[in-house]
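# Secondary and tertiary structure notes
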Amino acid sequence: MAEKVGVYVCHCGSNIAGKVDVEDVAKWAGEKVKDVAVSRDYKFMCSSLGQKLVEDDIREQGLTRVVVAACSPHLHEKTFRRACSNAGLNPYLMEMTNIREHCSWVHKDRAAATEKARSLVSASIERVKFQEPLEPMFVDVNRATLVIGGGIAGLQATLELADAGYPVYLVERQPSIGGHMAQFDKTFPTLDCSACILTPKMSEVGQHENVTLLTYAELEEVSGSVGNFKVRIRQKARHVVFDDCTGCGICVEKCPRKVLDTEFEAGMGNRKAIYMPFPQAVPRVPVIDTESCIWFERQKCRACEKLCPTNAIDFDQEDEMIEIEVGNIIMATGWDAFDTRKIPQYGYGRLANVYTSLEFERLCNAAGPTNGKIVLRDGKTEPKSVAIVHCVGSRDERHNPYCSGICCMASLKLGHLVLEKTDAEVYSFYIDMRTNQKNYEEFYQRLLGEGMRFVRGKVAEVTDAARKPSEQGKLIVQCEDTLVGRQQRFPVDMVILMGAIEPQVDAREMGLKCGISCSMEGWYTERHPKLDPVATMTDGIFVAGACQGPKDIPASVAQGAAAAARVAGMITKGKVMIEPIVASIDEEGCSGCRICNNLCPYNAIEYDAEAKVSRVITALCKGCGTCVSACPAGAIRGAHFSDRQIFAEIQGALWDAWQPRGGASEEAEAVPVSAP
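Residues numbered from 1 in each chain as written. Predicted model: local features only at pLDDT ≥ 70, side-chain atom pairs only at ≥ 80, totals over all residues. Heavy atoms only, no water.

### A short note on the overall build of the chain
- Across its full length, the chain carries 17 helices and 34 strands.
- Dimensions along the principal axes, computed over C-alpha positions, put the chain at roughly 95 × 70 × 45 Å.
- Per-residue burial over the chain gives 52% buried out of 676 residues.
- Intrachain contacts of the chain at a sequence separation of at least 6 include 69% that bridge at least 24 residues.
- Distance between charge centres in the chain, computed from 77 positive and 89 negative side chains, equals 4 Å. (Helix = DSSP H or I, 4+ residues; strand = E, 2+ residues; numbered from the N terminus. Buried < 20%, exposed > 50% of the residue type's maximum accessible area, 1.4 Å probe, protein only. Contact = heavy atoms within 4.5 Å. Lys, Arg positive; Asp, Glu negative; His and termini not counted. Charge placed at Lys NZ, Arg CZ, Asp CG, Glu CD.)

### Digging into the sheet that holds strand β29 (residues 541-543)
- The 5 strands are arranged β10-β7-β6-β18-β29 in an open sheet whose pairing can be described as parallel. Two strands in the sheet have a free side with no partner beyond their single neighbour: β10 (211-215) and β29. Mean inter-strand twist for the sheet, computed between neighbouring axes without regard to direction, equals 20°.
- Here strand β18 (residues 328-331) runs beside β29; their pairing, made up of 3 bridges, is parallel. Bridging across to β29, Met 331 finds its partner in Val 543. (Pairing = 2+ DSSP bridges. Axes fitted to C-alpha atoms, helices over the stretch in contact; angles between N-to-C directions.)

### What to know about the sheet that holds strand β25 (residues 475-481)
- On the basis of which strands lie adjacent, the open sheet formed by 3 strands has the order β24-β25-β26 and antiparallel pairing. On the outer flanks of this sheet lie β24 (459-463) and β26 (486-492), each paired with one strand and no other. Averaged over all adjacent pairs, the angle separating strand axes in this sheet is 20°, with direction ignored.
- Summarising the sheet, β24 and β25 pair through 4 bridges and their orientation is antiparallel. Of the residues in β25, the one forming a bridge with Thr 463 is Ile 476.

### Comments concerning the nonpolar core
- Counting 42 residues, the largest nonpolar core has Phe 360, Leu 363, Ile 388, Leu 412, Phe 454, Met 494 and Ile 496 as its most contacted members.
- The biggest single contributor to this core is helix α11 (residues 407-421), with 8 residues.
- Among the nonpolar cores identified, the runner-up in size contains 41 residues, and Val 22, Trp 28, Ala 69 and Ala 117 belong to it. (Core = buried A, V, L, I, M, F, W, Y, C linked by side-chain atoms within 4.5 Å.)

### Topic: the environment of Ala 195
- Here Ala 195 shows up in helix α6 (residues 194-207).
- It is 36 Å that separates the C-alpha atoms of Ala 195 and Val 226, two residues lying 31 residues apart in sequence.

### Here's the deal with unusual backbone geometry
- With an omega of -5°, the peptide bond between Phe 188 and Pro 189 qualifies as cis.
- Note that Pro 189 resides in the loop between β8 (186-187) and β9 (192-193).
- In this model, Val 282 is joined to Pro 283 through a cis peptide bond whose omega is 5°.
- With respect to the element layout, Pro 283 can be found in the loop between β15 (274-275) and β16 (287-288).

### Considerations on the pairing of β26
- Bridge analysis of β25 against β26 gives 7 bridges, and the strand direction is antiparallel. Looking at β26, one finds that Cys 479 is bridged to Gln 488.
- In textbook terms, the turn of a hairpin is the stretch between consecutive antiparallel strands, and for β25 and β26 this stretch comprises 4 residues, one of which, Gly 485, has a positive phi near 85°.

### What about the packing of helix α5 (residues 152-163) against α6?
- Here α5 crosses α6 at 50°, and the two axes come no closer than 10 Å. When the axes of α5 and α6 are compared, the pair comes out oblique. As for how α5 packs across α6, the hand of that crossing is left-handed. Residues Ile 152, Leu 155, Gln 156, Thr 158, Leu 159 and Asp 163 of α5 pack against Leu 198, Lys 201, Met 202, Glu 204 and Val 205 of α6. (Parallel < 35°, antiparallel > 145°, perpendicular 65-115°, else oblique. Left-handed = near helix turned anticlockwise from the far one by under 90°.)

### What to know about the pairing of strand β11 (residues 217-225)
- Across 8 bridges, the pairing between β11 and strand β12 (residues 228-235) is antiparallel. Across the sheet, the residue bridging to Glu 221 is Arg 232, located in β12.
- Hairpin connection between β11 and β12: a loop of 2 residues separates the two successive antiparallel strands, and Gly 227 in this loop has a positive phi of roughly 95°.

### Concerning a nonpolar patch on the surface
- Together, Phe 641, Ile 646, Phe 647, Ile 650 and Leu 654 make up a nonpolar patch on the protein surface, roughly 450 Å² of accessible area in all.
- Relative to the elements of secondary structure, Phe 647 occurs in helix α17 (residues 643-653).
- A residue is classified by how much of its surface remains accessible, and Phe 647, at 44% relative accessible area, is partly exposed. (Patch = residues over 30% accessible without salt bridge, like charges linked within 9 Å, V, L, I, M, F, W, Y side chains within 5 Å. Areas by Shrake-Rupley, 256 points an atom, 1.4 Å probe, with all protein chains shown as cover. Salt bridge = Lys/Arg side-chain N within 4 Å of Asp/Glu carboxyl O.)

### Some remarks on the packing of aromatic side chains
- The tally for this structure, following the rule as stated, stands at 10 aromatic pairs.
- Aromatic side chains Phe 296 and Phe 315 sit 5.9 Å apart centroid to centroid with 55° between the ring planes, which places their arrangement in the tilted category. Residue Phe 296 is found in helix α8 (residues 294-298), and its partner Phe 315 is found in the loop between α9 (303-307) and β17 (320-326); the two are separated by 19 residues along the sequence.
- Joined through ring pairs, the aromatic side chains of Trp 295, Phe 296 and Phe 315 make up one cluster.
- Directly above the aromatic system of Tyr 607 lies the positively charged group of Arg 594, at a separation of 3.9 Å from the ring centroid. (Phe/Tyr/Trp six-rings, centres within 6.5 Å; stacked < 30°, edge-to-face > 60°. Lys NZ or Arg CZ within 6 Å of the ring centre and 35° of its normal.)

Structure, rendered in structure tokens:
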């Protein structure tokens, strides 16, 4: 029986109609293409009136298939599927073709764009005739959630869910939660004490009845799918019995071994071999660093064990594997600092008084190694002049082409702290000043008023090679001042390098474990950069904070709360819908070669060793078709993308080749339908 197809061509204001003759395309489809019962054009098909047009035609005209020629299916495919469903038509009998991004926006020739739009519409009409009704699948959602990363974004997401009454597992690889924010002195633009606003959240998470805190732990493996993930976590050995420790600190105080703290203190201070990262650490349980502990080096000492009042020290403790089940996962793994040694002309690691921004944060922090006093490397000399260099490793094709987002404001903050605590003159070397958030521009104007000197130009070199007596014993910043139009040399006592924000070094590895992808730079890829910035292409996996891209504290907090809201919504529903556009394997035709197992980007295919066949885990499958095309036996079928549908679409796209030349009857001019 012939299908009755409805075709709807959208003007999208002038986005499509500006380059495509929309009325002509709709008229052509209605008159020339076989099986088209209704063909209309409308200004905005995605509007409520446009949707009602589709619904009314399905009911009144008895349409069995629908084609909407408009914008990207990423934007409005769900909108038109819902309209079809409201009118009683299976939503998977609707096909959407993109004549905006794929046609109007990429062409200047109106006639050629109109001709291409005809081809795209024809292809969708021929395809939709062979589409089959599909029914969505539903799975139950486990109420527990795993949050990976204990920085400010992870803490916010954890508290949002825990306060809503849902159980949360928070995994942090460091001995304490807090992330990079715990290292900072003040936060811009309000200059709040970082610890003062962070530690209450840390304490609340550590004491919350709905939070299971797993610090000094790492994710090992994730299996399962949305609603029911199975997770293996490696709890690394602290060599301190967690439940027996009271956090008294005697073991730390009496430990004879001091080592350089390259993590929390960024190499600016020392810690003991058994240590807590900082006084407000949560949990307040120390960790033994086996690489610097005298006992693990030479089998001597054990002072901490002898002096511990609760006998909590356990040198024989080993790593433990913990297995949990959760319904959703929030990735909040944060960022790493760019290694400024990669730009040797700036002198870091070679010139003593060149600092990274994190080193300076610890230097000016009241809880830092100098109790907040800003001094040079000799520990006593106060600088009389300080240079702050922006974009070190950012906006640089040799390192990171992107802007790190926070560096301009962080440099303003550090400049303010120098001016507040010393009599030094402060120079800020910038490419562009980016102060585009709430109260940021006002903060910039404040620093101008405080006397911070701004030099526009990329720094070429930081050197100690003096050319004149006034430069002796100084660091010289060589820079082209683009506002003055000449090269200048600025002798200073201290240089602070604002290093780029980079993805965690193992971000790709972590992404593979969870089945999510990264951008070329290594940031986790969201489902949609504008409309869905916290979800990923793997259902049930969400991203929050700087692991998704450079961002400041307010944006990280907002994204952590947003990810928690998405998870809470799924938990409240109790069930989650899974798209039925998935692959299926004909077990009789499967040879068990396992090619598909290794190719699936979502780890959605498992091998049954007993039956010697592969099977698709429906809840994990995204219908990408990789396995379908790779199967040498042709035993895998992709729902909604059968060979018959694809060949029909190709034939429809080539409609012009079927048009008769010369005087043909109107009936003969109709686009044929002869899909394999």
